[in-house]
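Remarks on the overall topology
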Amino acid sequence: MIPINKPQIDEDERQEILNVLDEGILTSAAYSGGKRVQDFEKLLAEFLHVKHAIAVNSGTAALHASILAAGIRENDEVLIPSFTFVATANSVACTGAKPVFVDIEKDTYCMNPQDLQRKITDKTRAIIPVHLYGHPAKMDEILEFANKKSLMVIEDACQSLGSTYDGKQTGTIGQMGCFSMYASKVLTSGEGGAITTNSDEFAEKLRMIRNHGMVNGYDTRIVGFNMRLPEISAAIAKTQMKKIQSMLDKRATNANKLGQLLSDKIRDKNIVLPHENQRAKYNWYLYTMAFNESRDKVKKFLNEHGIGATVYYDPPVHQTPYYSKFHKGELEITEWASKSVLSLPVHPSVTGNDLDMMASTVEKAIKS
Ligand SMILES: Cc1ncc(COP(=O)(O)O)c(C=O)c1O
């Protein structure tokens, strides 16, 4: 089976892990984190051209910490897409705030700025756009609206490390950006995450929140948690940072080749391929197509032929048993997308032969 994603682990990661074990310092509860945590943060901040990067132990922790740092609390409303991994909604809900679901656009699968405007109330405090599949959300329109209404913007860039919008790295455009280093992501440490910000004030708060609100030992100043990234994970992440550009380049080469092969073979107007544009450049975390009614049939066929094609996300969050209790109303494009999309693998281990095989299997699946 060609898996939908695969960690790119080689000798460098192995050696760095062994170095941590030999040194015997597996984590650090210091305000600034352990040695490798700091190395990783520096490399990430440099890559993203952002002032601060704060490593934490998951993308969920990154979102939770940002929401706390933004001062969002009980009864506040936070605008998020429903077409996302549930962590976006859970991070809001666990503070006692209410996630309010916004519909998406058909071309990006990201938040629709018009629906965003319709969903605002006097309780709205923040917007969390999600750059789903590595497709950047329309950040110019979202920011313009947020600035007009004095709302915070926290980007969920968990899937979009390396994607850019108008030349800016996703995760560095709003007040804070949240990244995941879960095993499937373009850069991984197994589990892990990071928050980026250009604000000294938020950076200071975030460093406290990841470490029980402490600065110098037992001097808790604000509410926090244990969100620390262990040194072994940081060692993997730091090593991965050194090859991030080549991993992204390989994804782009694979996605472009797959796009060409599929455009040559598919004439059906019901099947939509992903397309970058001048403003939005993808990291190609996933290669996501819309198949409309034939999606489940195509998925089954591809899986039976050794391709790990996967659906993200069906059901969307507002239709899960927990969140459906709170949400009223239809999200038309979200509901269409959840029944239509199918993602194919384009990670760096996918070969030219794999891409040829995938394209001809998709063609056969459609005709079957
Ligand atoms: C869009 C999105 N948000 C949040 C998360 C949460 O990240 P993590 O699994 O590292 O907690 C993920 C990743 O799984 C994600 O894809």
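Rules behind the numbers
- Residues numbered from 1 in each chain as written.
- Predicted model: local features only at pLDDT ≥ 70, side-chain atom pairs only at ≥ 80, totals over all residues.
- Heavy atoms only, no water.
- Patch = residues over 30% accessible without salt bridge, like charges linked within 9 Å, V, L, I, M, F, W, Y side chains within 5 Å.
- Areas by Shrake-Rupley, 256 points an atom, 1.4 Å probe, with all protein chains shown as cover.
- Salt bridge = Lys/Arg side-chain N within 4 Å of Asp/Glu carboxyl O.
- Helix = DSSP H or I, 4+ residues; strand = E, 2+ residues; numbered from the N terminus.
- Domains from an automatic or database assignment.
- Contact = heavy atoms within 4.5 Å.
- Buried area = accessible area lost by both parts, 1.4 Å probe.
- Polar contact = N/O pair within 3.5 Å; in protein donor to acceptor, adjacent residues only side chain to side chain.
- Nonpolar A, V, L, I, M, F, W, Y, C, P; charged D, E, K, R; others polar.
- Pairing = 2+ DSSP bridges.
- Axes fitted to C-alpha atoms, helices over the stretch in contact; angles between N-to-C directions.
- Near = heavy atom within 4 Å.
- 1 Å grid on protein atoms, 1.4 Å probe; cavity = no way out; pocket = protein on both sides within 12 Å on 5 of 7 lines; lining within 4 Å.
- Sits in = over half its atoms within 2 Å of the grid points.

A closer look at a nonpolar patch on the surface
Among the surface-exposed residues, Leu18, Leu21 and Leu26 lie close enough to one another that they form a single nonpolar patch of about 270 Å² accessible area. By secondary structure assignment, the location of Leu21 is in helix α1 (residues 11-23).

What to know about the domain arrangement of the protein chain
In terms of domain boundaries, the protein chain breaks down into domain 1 (11-241) and domain 2 (244-367). In this assembly, 39 residues from domain 1 lie in contact with 32 residues from domain 2. Both sides of the domain 1 and domain 2 interface together cover about 3,200 Å² of buried area, and 60% of this is carbon and sulfur. The interface formed by domain 1 and domain 2 includes two salt bridges. Where Asp166 meets Arg279, a salt bridge forms, and the shortest distance between an N and an O atom there is 2.7 Å. The interface formed by domain 1 and domain 2 includes 19 residue pairs in polar contact (both at pLDDT 80 or more). At the level of elements, α4 (87-93), β3 (98-102), β6 (164-165) and α8 (231-241) are the ones that each hand at least two residues to the side of domain 1 that touches domain 2. Its residues assigned to classes, the side of domain 1 that touches domain 2 comprises 19 nonpolar, 12 polar and eight charged.

Description of the sheet that holds strand β8 (residues 176-180)
Read across the open sheet, the seven strands follow the order β1-β9-β8-β5-β4-β2-β3; overall the sheet is mixed. At either end of the open sheet lies a strand with only one pairing partner, and these are β1 (52-56) and β3. Strand-to-strand twist in this sheet, taken as the mean axis angle between neighbours without regard to direction, amounts to 25°. Most of the contacts of helix α2 (residues 35-48) go to β1, to which it runs at about 135°, and overall it touches β1, β8 and β9 (193-197). Across the sheet, helix α7 (residues 200-209) lies against β1, β5 (152-156), β8 and β9, angled at about 15° from β1, the strand it touches most.

A closer look at the site of the ligand
With respect to spatial proximity, 17 residues lie near the ligand, and among them Gly59, Thr60, Asp156, Gln159 and Ser180 are the closest. One nitrogen or oxygen atom from the side chain of Gln159 is found 2.8 Å from an oxygen atom belonging to the ligand. Between Ser180 and the ligand, the recorded distance is 2.7 Å, taken from a side-chain N or O atom to an oxygen atom. Protein coverage of the free-state accessible area of the ligand, which is 390 Å², stands at 93%. With respect to the detected pockets, the ligand is housed in the largest pocket. Those elements that place two or more of their residues in the shell around the ligand are α3 (59-69) and α4. Tallying contributions element by element places α3 first for the shell around the ligand, with three residues.

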